[in-house]
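Listed below are the residues making up each chain.
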Amino acid sequence: MRKIIFITGGQRSGKSSFAQGLAESLSANPCYLATARHWDEDFKERIRRHQADRGDMWTTLEEEKLLSNHNLNGKTVLMDCVTLWLTNIFHDNEYKLNLSLDEAKREWSKFIEQDFTLIVVSNEIGMSLHASNEMSRHFTDLQGWMNQHIATTADEVYFIVSGIPVKIKG
């Protein structure tokens, strides 16, 4: 039976740690679905830090955009994160908001047809300063609308504040 747990919050709020602990409590062999693109050395170091935080019990898959290309039926999957996945889609669509949103929604719908426990991490980026340029404002819109879309498909939703999970759905 499919179950989706959506975890959102601010940068460095403790989302990934909470999600990892949850996945480990649900499975002896969880799967980590990494959406990060290896943009630069700083990003490669962030990826190495995340990998070091996970034990040998984890299987790691890297997928920048086509989440539905992986058969994850019967598994507990931690997808980290929606923001990086959307960044890849937005970039590859030349920063076109509607095209990116349509693609992300289509791919999400195909992805969640699987029979798995899916823990999804995302960011709430629209809760601080208003972006100073059009591209950033469009990405904030894309992120917010996709978070809403994912939350409607989720069985449970958590908002992480200063390392404290607050259950807001389910």
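Residues numbered from 1 in each chain as written. Predicted model: local features only at pLDDT ≥ 70, side-chain atom pairs only at ≥ 80, totals over all residues. Heavy atoms only, no water.

1. With respect to helix 3 (residues 82-92)
Along an α-helix, residues three or four positions apart point the same way, because every turn accommodates 3.6 residues. Of all the positions in helix 3, only Val82, Thr83, Trp85, Leu86, Asn88, Ile89 and Phe90 are classed as buried. If you follow the buried residues of helix 3, they end up packed against strand 4 (76-80), helix 4 (97-111), strand 5 (117-121) and helix 5 (134-153). Downstream of helix 3 by one or two residues, Glu94 has phi in the positive range, about 55°. (Buried < 20%, exposed > 50% of the residue type's maximum accessible area, 1.4 Å probe, protein only. Helix = DSSP H or I, 4+ residues; strand = E, 2+ residues; numbered from the N terminus. Contact = heavy atoms within 4.5 Å.)

2. Remarks on the nonpolar core
Counting 29 residues, the largest nonpolar core has Met79, Trp85, Trp108, Phe111 and Leu118 as the members making the most contacts within it. Every element with two or more residues in this core is listed here: strand 1 (3-9), strand 2 (31-34), strand 4, helix 3, helix 4, strand 5 and helix 5. Those residues in contact with Leu118 that lie beyond four places of it in its chain are Lys3, Ile4, Ile5, Val77, Met79, Trp108, Phe111 and Ile112. The next biggest cluster of nonpolar side chains, apart from the first, holds 14 residues, and it includes Ala34, Leu78, Ile119 and Ile160. (Core = buried A, V, L, I, M, F, W, Y, C linked by side-chain atoms within 4.5 Å.)

3. Notes on the packing of helix 4 against helix 5
Contact pair helix 4 / helix 5: the axes reach a minimum separation of 10 Å and the direction vectors enclose 25°. On the basis of their axis angle, the class for helix 4 and helix 5 is roughly parallel. Remark: the crossing between helix 4 and helix 5 carries right-handed chirality. Along its contact with helix 4, which presents Leu97, Ser100, Leu101, Ala104, Lys105, Trp108 and Ser109, the element helix 5 presents His138, Asp141, Leu142, Trp145, Met146, His149, Ile150 and Thr153. When grouped by side-chain class, the residues that make up the contact of helix 4 with helix 5 number eight nonpolar, five polar and two charged. (Axes fitted to C-alpha atoms, helices over the stretch in contact; angles between N-to-C directions. Parallel < 35°, antiparallel > 145°, perpendicular 65-115°, else oblique. Left-handed = near helix turned anticlockwise from the far one by under 90°. Nonpolar A, V, L, I, M, F, W, Y, C, P; charged D, E, K, R; others polar.)

None of the figures reported here should be taken as evidence of function without further support.
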